Structure formats: structure tokens, C-alpha cells
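# Architecture at a glance
Here are the chains, one letter per residue:
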Amino acid sequence: MNADLAAVMQILIALAFVSIPIVRARFGPAATIAADRELDRQGIRPGVLAENDIKFDASGHETWAPASVAAVMITIAALNFAGSGWGQTLTWIFQSLVIVMNGLILLSNLTAVSSVRTAFERKGDPELTRIDVPAFLRAAENAFPGWVRIQQNIRHAIIFGGSALALAAVTLV
């Protein structure tokens, strides 16, 4: 029964991670357009985002990273549903990693302005260093529907809370 609880939490966590590229695929192009408009308002040359491979969509790591985590969670959930001892061991390893990874995602979201400024400086493009980063990020963020912020909070709660429950469940097996 406890392994089943862990498995259910892992499926919910997998769904939470899959929601990231789904939302970005749906609304990321609009965020890129809004960011480009903001840069135009700031007098930044058109195409600077594309030239520096800066996107708000589901390309690259925005898809493969959460999809990989989801695949691992589903695999471990299957092991837990099957009653395999590997499920418990892998739950301890990967749920701990998921907590740390989600903590880093949350930190990245909270420090986005300074992180983006640093990334722009590292690119070495003087045009990027002129960008009013808070206005740029606000424009992109506002292109996502308001419910996305609520969804992000729910996602974090599911990932942190579900991981804690999964760890507790396999401990009590």
C-alpha cells in the first residue's frame, strides 16, 4: 500500500513536469513576440533574441529536461506498483534529486532578473547589456495567461509535497 502511494505521487510529479513544455509550447511563441516588442520599444535591434538563441518556447532543455524527469518518475512508479525493491531504492535516490532540482528551478525563477543580466553579459553582445531586463521579462511573462502563475505554484506544491510523501511512503514499507 505504501509503495502504491509513492507510485501515485510519482505519476502526479511526472504530470507536473510534463506541464512545463506543454505550457511553453502553447504560449512561448507569444512570449517571444511580446519580448521582441518590448526590445523594440527599448530601441534594441530586431532579431537580437534570435541571434543569441534566446527563446521562451519549449525547444531544447525546456522539453528534454522535464520529459526526462517525467520518464524516470513513471519508471519508478511502475516499479513501486509492481512491488519491486528497486522502486524503494530508486525512490530514495531520484525523489531526493527531484527536490533539489525543483528547488533550483524555483531559485532560478526568483532570481531571474539577475540571472538573465549575467547571461546577457556572458554572451558578449553589447546590445544585450543595454536591455532593461525587468521590463523585458515582465513583457514575456505577461504574454502567458494569468492562470500559468497559479499552475506554477500548484506544480511546485505537487513536486515538493509529492516527493516528501513518496519518500515517507517508501520509508514506511
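For the structure, check the block above.
Moving on, we get to the nonpolar core. Residues Leu39, Phe120, Ile131 and Phe136 are the most contacted members of the largest nonpolar core, which totals 20 residues. Sorting the residues of this core by element identifies α1 (2-41), α2 (48-51), α5 (112-123) and α7 (133-142) as the ones contributing at least two each. Top element by residues in this core is α1. It accounts for 5 residues. Beyond its immediate sequence surroundings of up to four residues, Ile131 is in contact with Leu39, Gln42, Ile44, Phe120 and Phe136. Core analysis: the second largest hydrophobic core is formed by 12 residues, Ile13, Ala14, Ile20 and Ile76 among them.

Where helix α3 (residues 61-81) meets helix α4 (residues 85-110), the axes come as close as 9 Å, and the angle between the chain directions of the two elements is 150°. Judged by the inter-axis angle, α3 sits roughly antiparallel to α4. α3 and α4 meet at a crossing whose hand is left-handed. Residues Val69, Val72, Met73, Ile76, Leu79 and Asn80 of α3 form the contact with α4, whose own contacting residues are Trp86, Gly87, Gln88, Leu90, Thr91, Phe94, Gln95, Val98 and Met101. A per-class count over the contact of α3 with α4 returns 10 nonpolar, 5 polar and no charged.

This part takes up the environment of Leu90. Tracing the backbone shows Leu90 in helix α4. Taking the C-alpha atoms as reference points, Leu90 and Asn109, separated by 19 residues in sequence, lie 28 Å from one another. Apart from the residues within four sequence positions on either side, Leu90 is in contact with Ile76, Leu79 and Gln95.

Taken as a whole, the largest pocket spans an internal volume of roughly 1800 Å³. Surrounding the largest pocket, 47 residues form its lining, Arg24, His61, Glu62, Ser108 and Asn109 being those nearest its centre. Secondary structure elements with two or more residues in the lining of the largest pocket: α1, α3, α4, α5, α7 and α8 (147-171). The greatest single-element share of the lining of the largest pocket, amounting to 9 residues, is contributed by α4. Residues that form the lining of the largest pocket fall into these classes: 27 nonpolar, 11 polar and 9 charged.

Time to look at the packing of aromatic side chains. This structure, assessed with the given rule, holds 4 aromatic pairs. Seen from their ring centres, Phe56 and Phe136 are 5.8 Å apart, and the 55° between their planes marks the pair as tilted. Note that Phe56 is positioned in the loop between α2 and α3 and Phe136 in helix α7, a separation of 80 residues in sequence. Exposure class is identical for Phe56 and Phe136. Each is buried.

Here the focus is a nonpolar patch on the surface. A cluster of nonpolar side chains, contributed by Val8, Leu12, Leu15 and Phe81, occupies part of the molecular surface with about 350 Å² of accessible area. In terms of residue count, α1 provides more of the nonpolar patch than any other element does, 3 residues in total. Considering the arrangement of structural elements, one finds Leu15 in helix α1.

So, on to the side chain of Asp125. Its place among the elements puts Asp125 in the loop between α5 and α6 (126-129). Here Asp125 falls in the buried class, since its relative accessible area comes to 12%. Once residues within four sequence positions are removed from consideration, Asp125 is found in contact with Arg45, Val48, Asn52 and Phe120.

Rules used in this analysis
Residues numbered from 1 in each chain as written. Predicted model: local features only at pLDDT ≥ 70, side-chain atom pairs only at ≥ 80, totals over all residues. Heavy atoms only, no water. Core = buried A, V, L, I, M, F, W, Y, C linked by side-chain atoms within 4.5 Å. Buried < 20%, exposed > 50% of the residue type's maximum accessible area, 1.4 Å probe, protein only. Helix = DSSP H or I, 4+ residues; strand = E, 2+ residues; numbered from the N terminus. Contact = heavy atoms within 4.5 Å. Axes fitted to C-alpha atoms, helices over the stretch in contact; angles between N-to-C directions. Parallel < 35°, antiparallel > 145°, perpendicular 65-115°, else oblique. Left-handed = near helix turned anticlockwise from the far one by under 90°. Nonpolar A, V, L, I, M, F, W, Y, C, P; charged D, E, K, R; others polar. 1 Å grid on protein atoms, 1.4 Å probe; cavity = no way out; pocket = protein on both sides within 12 Å on 5 of 7 lines; lining within 4 Å. Points joined across faces, edges and corners; volume = space filled by probe spheres on them. Phe/Tyr/Trp six-rings, centres within 6.5 Å; stacked < 30°, edge-to-face > 60°. Patch = residues over 30% accessible without salt bridge, like charges linked within 9 Å, V, L, I, M, F, W, Y side chains within 5 Å. Areas by Shrake-Rupley, 256 points an atom, 1.4 Å probe, with all protein chains shown as cover. Salt bridge = Lys/Arg side-chain N within 4 Å of Asp/Glu carboxyl O.

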